[in-house]
Amino acid sequence: MDLDIVELSRLQFALTAMYHFLFVPLTLGLSVIVAIMETVYVMTRRVIWRQMTKFWGTLFGINFAIGVATGITMEFQFGMNWSYYSHYVGDIFGAPLAIEGLMAFFLEATFVGLFFFGWDKLSRIGHLVVTWLVAIGSNFSALWILIANGWMQNPVGAAFNPETMRMEMTSWFEVMFNPVAQAKFVHTVSAGYVTASVFVLGVSAWYLLKGRHVDLARRSIAVACSFGLAAALSVVVLGDESGYLTTHDQKMKMAAMEAMWETEEAPASFTLLGVPDREARETKYAIHIPYVMGLIGTRSLDTPIEGIKELLQESEQRIRSGIVAYDALMTIREDRGESSPEVRDTFEEHGGNLGYAYLLKRYVDDPREATEAQIAQATDDTLPEVFPLFWAFRIMVGLGFGFIIMMAYFFWRTSFRGRDYPRWALRLAVIIIPAPWIAAELGWFVAEYGRQPWTVDGVLPTALSVSHLSIGDVLFTLAGFMLFYTVLFIVEMGLMLKYIRQGPVEDVKETDVWMEQHKRRLSRPDDNSHLASAE
Amino acid sequence: MILHELIGYDVLRVIWWLLLGILLIAFAMTDGFDMGVGALLPFVGKTDIERRVVINTIGPVWEGNQVWFILGGGAIFAAWPPLYAASFSGFYLAMFLVLAALILRPVAFKYRSKRDSVVWRTSWDWALFVGGALPALLFGVAVGNVLLGVPFELTPDLFTLYHGTMLGKLVGLLRPFALLAGVVSLMMLITHGAAWLSFKAEGAVASRARAIGSVTGLVTIVGFVLAGLWLMFGIEGYQLVNAPEPNGPSNPLLTEVARTASWLDSYSERPWAVAGPVLGLIGMIMTVIGLRAGREGSTLLWSKLGILGAISSVGMLMFPFFMPSSISPDSSLTVWDSSSSHLTLFVMLFATAIFLPLILVYTAWVYKVLWGKVTETDVTDGHSY
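Residues numbered from 1 in each chain as written. Chains lettered and ligands numbered in written order. Predicted model: local features only at pLDDT ≥ 70, side-chain atom pairs only at ≥ 80, totals over all residues.

## Some thoughts on the overall build of chain A
Across its full length, chain A carries 19 helices and six strands. Taking 535 residues into account, the globule formula puts the C-alpha radius of gyration at 24 Å, and chain A, at 27 Å, falls close to it. Judged by the C-alpha coordinates and their principal axes, chain A covers about 95 × 50 × 40 Å. A separation of at least 24 residues holds for 77% of the contacts in chain A among residues at least 6 apart in sequence. (Helix = DSSP H or I, 4+ residues; strand = E, 2+ residues; numbered from the N terminus. Rg over C-alpha atoms; globule rule 2.2 N^0.38 Å. Contact = placed C-beta atoms within 7 Å.)

## Comments concerning the overall build of chain B
Helix and strand counts for chain B come out as 13 helices and six strands. Taken over the C-alpha trace, chain B has a radius of gyration of 21 Å; the compact-globule value for 385 residues is 21 Å, and the two agree within 12%. With 385 residues in all, chain B has 55% of them scored as buried. Sequence separation of at least 24 residues holds for 81% of the intrachain contacts in chain B that already meet a minimum separation of 6. (Buried ≥ 20, exposed ≤ 12 C-beta atoms within 10 Å, placed from the backbone.)

## Quick look at the interface of chain B and chain A
Contacts between chain B and chain A engage 63 residues on the former and 61 residues on the latter. Of all the secondary structure elements, the ones that give two or more residues to the side of chain B that touches chain A are helix H3 (62–79), helix H4 (81–90), helix H5 (92–111), strand S2 (160–162) and helix H13 (342–369) of chain B. Here the side of chain B that touches chain A takes 13 residues from H13 of chain B, the largest share from any one element. In the side of chain B that touches chain A, the residues fall into 43 nonpolar, 16 polar and four charged. (Nonpolar A, V, L, I, M, F, W, Y, C, P; charged D, E, K, R; others polar.)

## What about the nonpolar core?
Core analysis: the biggest nonpolar cluster contains 289 residues, and Ile33 and Trp56 of chain A together with Leu40, Met95 and Leu197 of chain B have the highest contact counts within it. Examining the composition of this core, we find that 23 residues originate from one element, helix H3 (residues 83–117) of chain A, more than from any other. Built from parts of two domains, this core gets at least three residues from each of domain 1 (3–250 + 384–500) and domain 2 (308–381) of chain A. Discounting residues that sit within four places of it in the chain, Leu40 of chain B has contacts with Ile190, Gly193, Ala194, Leu197, Ala209 and Ile212 of chain B. (Core = buried A, V, L, I, M, F, W, Y, C linked by C-beta atoms within 7 Å. Domains from an automatic or database assignment.)

## Brief notes about the environment of Arg427 of chain A
All names here are of chain A. Assignment of secondary structure puts Arg427 in helix H15 (residues 423–431). Residue Arg427 is classed as partly exposed on the basis of its 13 C-beta neighbours within 10 Å. A C-alpha to C-alpha distance of 43 Å links Arg427 and Val474, two positions 47 residues apart in sequence.

## Points about unusual backbone geometry
All names here are of chain A. Across the junction of Gln452 and Pro453, the peptide omega takes the value 10°, indicating a cis bond. Looking at where Pro453 falls in the secondary structure, it is placed in the loop between helix H16 (435–449) and strand S5 (454–456). Here Ala259, not a glycine, exhibits a phi torsion of approximately 50°, which is positive. By secondary structure assignment, the location of Ala259 is in the loop between helix H8 (251–258) and strand S3 (270–277). You can call Ala259 buried: it has 24 C-beta atoms within 10 Å.

## Observations regarding the environment of Asp337 of chain B
Residue and element names in this part refer to chain B. Within the secondary structure layout, Asp337 lies in the loop between strand S6 (333–334) and H13. Exposure remark for Asp337: the 25 C-beta atoms within 10 Å place this residue in the buried category. Separated by 51 residues in the primary sequence, Asp337 and Met286 place their C-alpha atoms 39 Å from one another. Ignoring any residue separated from it by four or fewer positions in sequence, one finds Asp337 in contact with Gly248, Ser250, Asn251, Pro252, Leu254 and Thr255.

## Side note on helix H14 (residues 386–416) of chain A
One turn of the α-helix equals 3.6 residues, which is why residues spaced by three or four share an orientation. The end-to-end C-alpha distance of H14 of chain A, which contains 31 residues, comes to 45 Å, matching closely the 45 Å that a straight helix rising 1.5 Å per residue would cover. Phi for Gly418 of chain A, located one or two positions after H14 of chain A, is positive at around 60°. (Expected span 1.5 Å × (residues − 1).)

## Overview of the packing of helix H1 (residues 9–44) of chain B against helix H12 (residues 297–318) of chain B
All names here are of chain B. Where H1 contacts H12, the two axes come as close as 10 Å, and the packing angle between them is 145°. Note that H1 runs across H12; the crossing there is right-handed. Residue-level inspection shows Gly21, Leu24, Ile25, Ala28, Met29 and Gly32 of H1 in contact with H12, the latter providing Lys304, Ile307, Leu308, Ile311, Ser312 and Gly315. Partitioning the contact of H1 with H12 into residue classes produces seven nonpolar, four polar and one charged. (Axes fitted to C-alpha atoms, helices over the stretch in contact; angles between N-to-C directions. Left-handed = near helix turned anticlockwise from the far one by under 90°.)

## Considerations on the domain arrangement of chain A
Residues and elements named next belong to chain A. Domain parsing of chain A yields domain 1 (3–250 + 384–500) and domain 2 (308–381). Here domain 1 and domain 2 have C-alpha centroids that lie 38 Å from each other. With nine residues of domain 1 at the interface, the matching set in domain 2 holds eleven residues. Of the residues contributing to the side of domain 1 that touches domain 2, the split by class is eight nonpolar, one polar and no charged.

## Notes on the packing of helix H10 (residues 308–335) of chain A against helix H13 (residues 372–381) of chain A
Two numbers describe a pair of packed helices, the interaxial angle and the distance between the axes. Residue and element names in this part refer to chain A. Across the interface, H10 lies against H13 with an axial gap of 9 Å and an inter-helix angle of 130°. Taken together, the axis directions place H10 and H13 in an arrangement best described as oblique. In terms of crossing hand, the pair formed by H10 and H13 is right-handed. For the pair H10 and H13, contact is made by Leu312, Ser315, Glu316 and Ile319 and by Ile375, Ala378 and Thr379, respectively. (Parallel < 35°, antiparallel > 145°, perpendicular 65-115°, else oblique.)

## Some points on H5 of chain B
Taking 1.5 Å as the rise per residue, H5 of chain B with 20 residues should run 28 Å; its terminal C-alpha atoms sit 29 Å apart, in good agreement. Most of H5 of chain B sits out of view: 19 of its 20 residues are buried.

## Quick look at the confidence of the model for chain A
In this model, chain A carries an average pLDDT of 87, and 93% of its residues clear a pLDDT of 70 or more. Confidence drops under a pLDDT of 50 for residues 526–535 of chain A, and excluding neighbours within four residues, the segment shows eight contacts in the predicted structure. (pLDDT = per-residue confidence, 0-100.)

## Some details on the environment of Leu208 of chain A
Residue and element names in this part refer to chain A. Position of Leu208 among the secondary structure elements: in helix H6 (residues 179–210). Taking the number of C-beta atoms within 10 Å as the measure of exposure, Leu208 has 21 and is therefore buried. The residues touching Leu208, leaving out its near neighbours within four places in the chain, are Val214, Ala217, Tyr421 and Leu426.

## Thoughts on the confidence of the model for chain B
All names here are of chain B. Per-residue pLDDT for chain B averages 90, and the proportion of residues at 70 or more is 97%. Element-level mean pLDDT values for chain B span from 67 in helix H7 (residues 166–171) up to 95 in helix H8 (residues 176–200). Reported for the predicted complex are a pTM of 0.90 and an ipTM of 0.91.

Here you go:
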């Protein structure tokens, strides 16, 4: 197994996945915000809400195009670069991806065309339904992708089949209702809603600072901060749920995120800040808050959380057990289904640790021939790098709380201070636009980097998952993606900025039609007041 | 869960072979005209407004059409994981080129008309050309290579190994027969795009499309017949040595495979499979006649029949093979040994039975809403690309 191929393939996957996720959260959130705005339009018939729908819809469309395009890369890359992974777990992992296409992606992709082209071809209600279908489709998409990803974190409902040399599904319900997947789904879509809210808030704030499109901006802020506040609260609460589940199912990831070297007496303290040192197995300059870790991790005051050192000992035991399983598997395979019940029993007993034996394949072709030094190396591999995880997690959480404060502030000004926002707050809202993207990317980093050295936790090591490719192959496509994606990014940013600067288009035709329909009411002097500002 | 045993493993495998075929055919029938239109764009639209008409005939639907392809990929992953693993990595650089083209296309659609500069728009027009023509060509090349056999072998751990260097792998795909298959595929989809334009556009655009389409349609027919003759006389086929085990485990190494004189030998076992090429030829010929006579709706349907015939010819000819291996025939992937587990196939069928009819219903509704020709006034109303 060539290590460089593994590193290059990981780099390419990380790059394309993180790039894809620059567009996904905005799609998730903006689709819902646009649908909310159009709902208000249909209910009140006020033209300004239609203008808002169209304006934010245009920005949604620019973003959606690249989100879709880069998503195709994601689906194909498993087969292109991770062919052994695709063979080994495709029986489980492929299903949610395919169902995503059937149930969700088809829906959003089919109706997004009508969203843009159907304004004159559909009734108001008809168009509103289309918009909601796009939003629902996008969000269901996220559900199935996170069921797939949740299985990589917590591989339930599957077992190894020696005849086919792969994992096979044993219970679809366990895969679908995987608690990790469900928590991740709500956490991820909420993060998308926060991203879109911060985006709408920031762009609107910029209009207010410039004194342009004031009506549109004020109303957009009202939608963004109420929606955003609910979402920001949900992100943190559901993030906490994720944390609780991680303690259960991915102990090493949790311990690494928190730099918990030793098993502490319950309730464990929470390390707020510090400098983790992997070699020395300690955190320097640590600031501890008592009890908090125990509460987050176990929701109790008396359950201890295992520390890294103890978990490493467990890893070593599992590697040794995995070698026994590997030996039994080789015997079963040679006997072609006629092996003795003892061998089968041995495999039953140790088969759950087969993946740990595969960790040794990085150092030796046959895990049964591993030396003690190689076992020690593989054991050490089960601990991901602590420092980046520790800090990525803290920055993400810090930003999450920041969004709650900001959304709450704008919500308060909107509700109780007559939609009057001080200039410093508006400036801050503009500056903070990139922050939710940073938080989202860091979140994925913690989830995926924290799972290393595994692609599927405890089942299949990353080093074993790759395709048989040459360095040249992957370097070529990596360079291709980098070049291509950079150009696309510049084009997309250019267009976004162009359309934001240009602002909403006055919808003259619609306004005329509306004025015509309400001529009689408009001619009564007392009813004119609320139309004065072209509402 | 024992519910899934209601349907036999062998039956599920055949159903999924059919479903995969249906998805790929649906993709070629729908996104096929999007690609064809992309490839025709610089030639049928002379002015900016004409090109916008061309783009807007597919503007509202290409996104949904493309999902057939994504769904096809997802179905291969879920129902045929060994095939997904071996083919996507085996055609690595070709897949990358397809991806690049497919990424270019949506962006070009959305962005082309968002700026008023001639350079900007012409650049995106050529991006649309590449985004349409390149995948259309490469899909055919891939089919040609599968018919010839792909140089891969499976280790006892079922890890896929390939022979050939990086560049060799890409250039190695361009064998003469595979290139012919690529040309047939490209010409067939361009003709399909022409049939679509003749249906959805009018005036100069439609007549140019008909003129080009009747030529590419003839090339398609000649190429298709040539490819058939080549298969008959010049290319070895593959066959199972022993009777298949339709309920056996999905381990390709358990079946023995040998070469035969020709793929067409299978017609003696399954004479009805001749229906594929016959339908294909009828469809292609009627398309050319329809384009020349200026018939609109029926020509599009004939063109779809041609596509159905051409793709199903390959599928039925090769059954039960998906991807034979030229260097280690026993590693070849077949319907009987490269599927998902019994349970997964059942779950996926269940989901498909619910959602595929829904997809067909709402797709039909969208086409109904968008019914009618796209005119030059349509594209200036601000809701268009």
